[in-house]
Amino acid sequence: MLNSHDDIDMLINKTIALEGDYSDHPADRGGPTRWGVTEAVARTHGYTGDMRQFPREEAASIYKRKYWFRPAYNRIAKHAPDIAAELFDTGINMGTGTASGFLQRALNALNRNGRDYQDISVDRIIGRETLSALEIFLRKRGARGEAVLLKAIEALQGARYIELAEKRPANQAFLYGWIANRIG
């Protein structure tokens, strides 16, 4: 399960390998980025130097705090490690509120019209209500439940990427990579 420090470190290493070193793509609104951490995020965490020199260890620390523990994905990992890993990755790429909202929307859509559990608030925060719905969903849907829920979350994510490219044509520069590397 993805709840130990070694497991989150594995996810962080995978993310950093995917994101790569320094970039400053003209179409990327995030601006200067190193190890997948934008300059704005680095600054909010106290980094004041040149992003070309942003330390990998600081990126890993930010990933752990901001994208794993703060949104409570470590709590999701206790029940659904693959879902937690997907939320972590999506949270880095789209924001943790968006990722958490995808989970909540998918849980609502898969609750059999409220027969398994009541709809939960799509407040984009992982709390007691979301965790309870997830536990009930997994208990009622059995072994395949996590895989189906993961597909639903990824479907929402893919649709969001296409929307981003449709609304801002400059994002088409990233669409292929987003779908190739972030979905499935």
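As the structure is a computational prediction, the values presented were derived from the model and not from experiment.

Here the focus is the layout of surface pockets. Volume-wise, the largest pocket comes out at about 930 Å³. Residue lining of the largest pocket: 31 residues in total, with Asp 28, Gly 30, Thr 38, Asn 93 and Trp 178 positioned closest to the centre. The set of elements that each furnish at least two residues to the lining of the largest pocket consists of helix H1 (5-19), strand E1 (22-23), strand E3 (37-38), helix H3 (56-69), helix H5 (81-94), helix H8 (145-167) and helix H9 (172-182). When residues of the lining of the largest pocket are assigned to their parent elements, the largest contribution, six residues, is made by H9. Along the lines of polarity and charge, the residues of the lining of the largest pocket split into 15 nonpolar, ten polar and six charged. Contributing to the lining of the second largest pocket are 14 residues, with Lys 14, Ala 85, Glu 86, Asp 89 and Gly 184 lying nearest its centre. When contributions to the lining of the second largest pocket are tallied by element, the ones reaching two or more residues are H1, H5, H8 and H9. The element best represented in the lining of the second largest pocket is H5, accounting for five residues. Here the lining of the second largest pocket is composed, by residue class, of five nonpolar, three polar and six charged.

Glancing now at the packing of H5 against helix H6 (residues 96-109). Helix packing geometry: the angle between the two helix axes and the distance between the axes. With their axes 7 Å apart at the nearest point, H5 and H6 run at an angle of 140° to one another. Judged by the angle between their axes, H5 and H6 are oblique. Judged by the sense of rotation from one axis to the other, the crossing of H5 with H6 is right-handed. Residues Ile 83, Leu 87, Thr 90, Gly 91 and Met 94 of H5 lie in contact with H6, whose contacting residues are Thr 96, Thr 98, Ala 99, Phe 102 and Leu 103. Of the residues in the contact of H5 with H6, the class split is six nonpolar, four polar and no charged.

This part is about the nonpolar core. Ile 76, Phe 88 and Leu 149 are the most contacted members of the largest nonpolar core, which totals 53 residues. It is H5 that contributes the most residues to this core, seven residues altogether. When near neighbours in sequence (up to four residues on either side) are disregarded, Leu 149 contacts Ile 83, Leu 103, Ala 106, Leu 107, Leu 110, Leu 134 and Phe 137.

Conventions we followed
- Residues numbered from 1 in each chain as written.
- Predicted model: local features only at pLDDT ≥ 70, side-chain atom pairs only at ≥ 80, totals over all residues.
- Heavy atoms only, no water.
- 1 Å grid on protein atoms, 1.4 Å probe; cavity = no way out; pocket = protein on both sides within 12 Å on 5 of 7 lines; lining within 4 Å.
- Points joined across faces, edges and corners; volume = space filled by probe spheres on them.
- Helix = DSSP H or I, 4+ residues; strand = E, 2+ residues; numbered from the N terminus.
- Nonpolar A, V, L, I, M, F, W, Y, C, P; charged D, E, K, R; others polar.
- Axes fitted to C-alpha atoms, helices over the stretch in contact; angles between N-to-C directions.
- Parallel < 35°, antiparallel > 145°, perpendicular 65-115°, else oblique.
- Left-handed = near helix turned anticlockwise from the far one by under 90°.
- Contact = heavy atoms within 4.5 Å.
- Core = buried A, V, L, I, M, F, W, Y, C linked by side-chain atoms within 4.5 Å.
- Buried < 20%, exposed > 50% of the residue type's maximum accessible area, 1.4 Å probe, protein only.

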